Amino acid sequence: MCPHCKGFISLEDCVMFSVRTQEKRVGLISLHPELGNYTIKKHREFDFQEGEELDFYCPICHAELASKLHNNLAKIIMIDEKQNEFEVLFSKKAGQQSTYKIEGETMEIFGDDSAEYIDFMNLSTIF
């Protein structure tokens, strides 16, 4: 869900985002909803470079999905099958595998590059 409008931004096996590149090109991308699965789908003509920082926006209300913890992280809300709500932060850098599930004072980390932002989290970590 979008943390601003609370709109549902997922469809079946993808979470949809409006994205802007550093060169101001815009497009839609989808990420897999399974945390730690870094499958991305996009239009073949919508290109960006590995490591390029992308700006993520809600496709419904167009609010920027930036995290307040770090400029390179985006934030959404997820609800699990038990209806528990939690925050998910993920890297805005293309190809960087850093994802954080935050529930209260607890954090689960996912991805090979997740150590990049650990210093900015003031939470207990589950590995």
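Every chain's residues receive numbers from 1 upward, in the order its sequence appears when written. Selection of residues for local features in this predicted model requires a pLDDT of at least 70, selection of side-chain atom pairs for listing and counting requires 80 or more, and totals for whole chains, interfaces and linings are taken over all residues. The side-chain figures draw on all heavy atoms in the structure; neither hydrogens nor water molecules are used.

Caption draft 1: Up close: the overall build of the protein. Counting from the N terminus, the helices are the DSSP runs of H or I reaching at least four residues and the strands are the DSSP runs of E reaching at least two. Secondary structure assignment for the protein yields zero helices and 10 strands. Element order for the protein, N to C, with α for helix and β for strand: β-β-β-β-β-β-β-β-β-β. It is over C-alpha atoms that the radius of gyration is taken, and the globule rule equals 2.2 Å times the number of residues to the power 0.38. Scaling as 2.2 N^0.38, a compact globule of 127 residues should have a C-alpha radius of gyration of about 14 Å, and the protein matches this with 14 Å. Dimensions of the protein along its principal axes, counting C-alpha atoms only, are 40 × 30 × 25 Å. Taking all 127 residues of the protein together, 40% fall into the buried category. Charge assignment in this entry is limited to Lys and Arg as positive and Asp and Glu as negative, and neither His nor the chain termini are counted. In plain terms, the charge of a residue is placed at NZ if it is Lys, CZ if Arg, CG if Asp and CD if Glu. Each charge sign in the protein was given a centre, from 13 positive and 22 negative side chains, and these centres are 6 Å apart. Three exposure classes are used, based on accessible area relative to the maximum for each residue type with a 1.4 Å probe and protein chains only: buried under 20%, partly exposed in between, and exposed over 50%.

Caption draft 2: Up close: the pairing of strand β7 (residues 85-91). Most of β7 is tucked away, with five of its seven residues classed as buried. Strand pairing requires that DSSP identify at least two bridges connecting the strands. What sits between the antiparallel neighbours strand β6 (residues 73-79) and β7 is a turn of five residues, in which Gln 83 has the positive phi angle 70°. As paired elements, β7 and strand β8 (residues 99-103) share four bridges and run antiparallel to each other. Pairing of Glu 87 across the sheet is with Ile 102, part of β8.

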